[in-house]
Amino acid sequence: AAQDGEADERAWREALAGLDGPTVIAPGLDGQPQAEPAALEVELTPGTAASLVTVARALDVTVPVVVQTLWSLVLADVTGRQDVVSGTTVSGRPAELAGAESMVGLFINTLPVRVRLRHEETLAALVRRTAGEQAALLAHHHVALARIQKLTGTGGPLFDTLCVFENYLVDTAPAQSAADPQEFAGLRVEAVTGQDATHYPLTLVAAPGADGGPVLRLRHRRDALTEEEAARLAARLRRAVEEFTADPHRPLSRTDLLTPQEREQVLDTFNSGTVDVEPATLPALFEQQAAAHPEKPAVDDSGRVLTYAELNTRANRLAHALIAAGTGPEDVVGVALRRGADVYVAQLAVGKAGGVFAPLDPDQPAERLAGLIEDSGATTVLAHSGTDHTPWSGGATVIAADRLSDGLPDHNPTDADRRAPLRLHNGAYLIYTSGSTGRPKGVLVEHRPLVDLIAWAHGCFATGPGDRVTQFASPSFDVTFCELANSLFSGATLVVVPEEERAGAPLAEFLNRAAVTLAVIPPTVVASLPQDAPLPEGTSLIVGTEALPPETVRTWARRHRLFNAYGPTEAVVNSATWEVPEEWDGGPVPIGPPDVNKRAYVLDGALRPVAPGILGELYIAGPGLARGYLGRPLITADRFVADPFGVPGTRMYRTGDLARWNERGELEYAGRTDHQLKIRGFRVEPGEVEARLTAHPAVAQAVVTGHTDHRGVRRLVAHAVPAPG
């Protein structure tokens, strides 16, 4: 019968509609195999293969469909895809072709098998659905693979793995003697040998076994997979078979292909960094340092030096002024001061009064400042006497931080002075981040997590009296708390970087002149330093807030201790840190293992842990999490979710970042799951910028993207369509 080409194309187009890309495990592999593929048997426990056949019959599906579906689960697990395509071979001898079974020649064809995973679906339902979808394509098995791939418009192969079913008619009964060869259809067979191979990196071969169940073997190119990697794949396939035979009616979201050893590795071994801490509030933690180092320099602002005792006294006086104005626990205080020593006097004062520190940049547009005050509910604002706050302060009480009344107490405020007792669960600071609707989100952090941040800083960098730490970040950026943890909460000196010396050669000169021992600066700023610029001997660099380019690592790690730091605001400044090893010679730049008292999970869409090397979404857990988004309960509930791997009542934060574990227990950042961008360390939601642009009457439409130039500098780029007229 003539074949209907249009029907063939229509069937394959429908079968592959919406496919967003190929499923490949070895994307960089080219050419033909250089040697015979390695082989590995998938060792099933006794009776498991036979049970697979029994369950398949109960579901009224064929064993090949079951094996192909379980193989797709494995591929989904190792690629992170939920829409999986693998290859299979078909005989090419359709039943409607008369005499096909007696024709001599090779008729086999390789075809794609698509399996779309739905977490709410059961294994049984998935297998049945796959069987139905494949049955609908039986009449179109003759279509060449190249033609099918062209129909999808992907521009290349759809898969690089095969699942092959061997079912040779071979008499396995032993011959009577060596001189008594076997016969098949009247032909005497004296010896049989065979060897097969494909150019695909990985092939699963299934053949009938002695117990009636399938025997499963993996064949892989040695230049695509190591023996260890192949063994892990075999273990996952074994787990898939066991999960299917044990309970085919369990949801896919509860099907776990990790081996017990892998599960323990990613949940426990990689999260083993803990240290005992004694929780205390922010003012109490600073007052400990002020009592221990009263005459040591605390802040150096362009030569204006405050000792710990002087800083504490000034903060105490301002705190008592706030208390007198009615500030107490959970009250938000806006601090509209420019970067410098006064900011940290104010920050400590707000904490001592029991309030919530909310930094405001007085140079921002009045409309934005007014919006932040309204959203935060701040009733008190600290500002410089020379700042014109009337366009944005509204009804808030404004205190001139540089013109306090005489006679204010200068002792450390206690609960007897405060309006109400200050507790660990009270809010300490409020930092605003970008919002997708155009409305920024206020992240509220309590006092309790700060002691873990300080423990991380002490453990990694061990600063103390005599060390000098840069103050580089804007007060509106939570990295300032990393700077403080390494300075004011360790007995070291916080050194304010002047505005005119914040990049390039001027910054290098300042670091030397100020004898800085620990610099906390973004990668783009580090990249601006002259490559031959000498920095003070023994200076360490904490480089974070955005992706760290390998070239920056190569340039500076040879001469100084270099740390790549990672952490979202919602997980209290920092969550993972990688110290570049001296022997580092290239490759991925990790963000490091989880910080002490933090737990990191890399999970799939069903909140299941993934194995090392597999891409997933990064979640951060532990006591060091923010309370949530101020006044945004729905968004808080969406991002701060129950920790299924912790004790009851604990939470984890969904970062929206893609990451993978490497074999050393280090996380490797791989981008965002959403459209959010990081520009010079600041998280930017393009939707917020687009909303501001299109609010202008001259702009009809706007699209905002990130662009990296030839120097590796990332910028925000807006594309606008003018309004008519």
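Here is a short report on the structure shown in this document. Keep in mind it's a predicted model, so treat the numbers as computed, not measured. (Residues numbered from 1 in each chain as written. Predicted model: local features only at pLDDT ≥ 70, side-chain atom pairs only at ≥ 80, totals over all residues. Heavy atoms only, no water.)

### Focus on the sheet that holds strand 7 (residues 202-208)
Part 1: Overall, mixed pairing links the six strands, which are arranged 1-8-7-4-2-3 in an open sheet. Sheet topology places strand 1 (38-41) and strand 3 (109-116) at the edges, where each strand pairs with a single neighbour. Each adjacent strand pair in this sheet contributes to an overall mean axis angle of 25°, direction not counted.
Part 2: As judged from the eight bridges shared by strand 2 (residues 83-90) and strand 3, these two strands associate in the antiparallel manner. Across the sheet, D83 pairs through a bridge with R116, a residue of strand 3. (Pairing = 2+ DSSP bridges. Helix = DSSP H or I, 4+ residues; strand = E, 2+ residues; numbered from the N terminus. Axes fitted to C-alpha atoms, helices over the stretch in contact; angles between N-to-C directions.)

### Let's talk about the nonpolar core
Part 1: Y429 and L488 are the most contacted members of the largest nonpolar core, which totals 133 residues.
Part 2: Both domains that furnish three or more residues to this core are identified here as domain 1 (5-95 + 104-169 + 197-257) and domain 2 (307-423).
Part 3: Every residue in contact with L488, bar those within four places of it in the chain, is listed here: F286, Q289, A298, V299, Y308, L311, Y344 and L494.
Part 4: Grouped together as the second largest cluster of nonpolar side chains are 26 residues, V497, V525, V580 and W584 included. (Core = buried A, V, L, I, M, F, W, Y, C linked by side-chain atoms within 4.5 Å. Buried < 20%, exposed > 50% of the residue type's maximum accessible area, 1.4 Å probe, protein only. Domains from an automatic or database assignment. Contact = heavy atoms within 4.5 Å.)

### Some points on the pairing of strand 13 (residues 380-383)
Part 1: Side chains T380 and L382 of strand 13 all project onto a buried face; the interleaved residues V381 and A383 project onto the opposite face, where all are buried too.
Part 2: Pairing analysis gives four bridges linking strand 11 (residues 332-336) to strand 13, with the strands arranged parallel. Across the sheet, residue V333 finds its bridge partner in strand 13, namely T380.
Part 3: Here four bridges tie strand 13 to strand 14 (residues 397-400), and the two strands are oriented parallel to one another.

### Quick notes on the packing of aromatic side chains
Part 1: Per the stated rule, a full pass over the model turns up 12 aromatic pairs.
Part 2: Judged by centre distance (5.9 Å) and plane angle (20°), the ring pair of F286 and Y308 falls under stacked. Of the two residues, F286 sits in helix 8 (residues 282-292) while Y308 sits in helix 9 (residues 308-324), which places them 22 residues apart along the sequence. We note that F286, like Y308, is buried.
Part 3: Ring plane angle 85° and centroid distance 4.8 Å describe the contact between F461 and F563, whose orientation is recorded as edge-to-face. Within this pair, whereas F461 is found in helix 12 (residues 450-461), its partner F563 is found in strand 21 (residues 561-566), the two being separated by 102 residues in sequence.
Part 4: By relative accessible area, F461 is classed as buried at 9%.
Part 5: One aromatic cluster in this structure is built from F286, Y308 and F489.
Part 6: When the ring centre of F472 is taken as origin, the NZ or CZ atom of R502, which lies over that ring, is 4.0 Å away. (Phe/Tyr/Trp six-rings, centres within 6.5 Å; stacked < 30°, edge-to-face > 60°. Lys NZ or Arg CZ within 6 Å of the ring centre and 35° of its normal.)

### Thoughts on the pattern of salt bridges
Where charged atoms of side chains with opposite charge meet at close range, the side chains can pair.
Part 1: On inspection of all chains with the given rule, the structure shows 35 salt bridges.
Part 2: As a salt-bridge pair, R418 and D415 come within 2.7 Å of each other at their nearest N and O atoms.
Part 3: Owing to a relative accessible area of 10%, R418 belongs among the buried residues under this scheme.
Part 4: One salt bridge connects E579 with R561, and the closest N-O pair in it is separated by 3.0 Å. Of this pair, E579 sits in strand 22 (residues 576-579) while R561 sits in strand 21, placing them 18 residues apart in sequence.
Part 5: For E579, a relative accessible area of 39% translates into the label partly exposed. (Salt bridge = Lys/Arg side-chain N within 4 Å of Asp/Glu carboxyl O.)

### Examining the environment of G624
Part 1: In this structure, G624 sits in the loop between strand 24 (616-621) and strand 25 (628-629).
Part 2: Classification of G624 by relative accessible area gives buried; the value is 1%.
Part 3: Once the C-alpha coordinates of G624 and D452 are considered, the two residues, 172 residues apart in sequence, prove to be 6.6 Å apart.
Part 4: Setting aside its immediate chain neighbours within four residues, G624 contacts P449, D452, A571, V572 and K598.

### Re the side chain of E501
Part 1: For E501, the position within the fold is in the loop between strand 18 (493-496) and helix 14 (504-513).
Part 2: With residues up to four places along the chain from it excluded, the contact list for E501 reads P506, L507, F510 and R513.

### A look at the packing of helix 8 against helix 10 (residues 341-353)
Part 1: Their axes nearest at 8 Å, the elements helix 8 and helix 10 cross at an angle of 120°. Classified by the interaxial angle, the pair formed by helix 8 and helix 10 is oblique. Residues L282, P283, F286 and E287 of helix 8 lie in contact with helix 10, whose contacting residues are L348, G351 and K352.
Part 2: Of the residues in the contact of helix 8 with helix 10, the class split is four nonpolar, one polar and two charged. (Parallel < 35°, antiparallel > 145°, perpendicular 65-115°, else oblique. Nonpolar A, V, L, I, M, F, W, Y, C, P; charged D, E, K, R; others polar.)

### Notes on the state of the cysteines
Part 1: Summed over the entire model, instances satisfying the criterion amount to zero disulfides.
Part 2: For C482, which is in no disulfide, the shortest distance to another cysteine sulfur is to C460 and amounts to 9.5 Å.
Part 3: Given a relative accessible area of 4%, C482 falls into the buried group. (Disulfide = S-S within 2.5 Å.)

### Thoughts on the pairing of strand 28 (residues 667-672)
Part 1: Where strand 27 (residues 651-661) and strand 28 come together, four bridges link them in antiparallel fashion. When the sheet's bridge partners are listed, W661 is paired in strand 28 with L667.
Part 2: Taking the residues that link successive antiparallel strands as the turn, the strand 27-strand 28 hairpin has five residues, and the phi of G665 there is positive, at about 80°.

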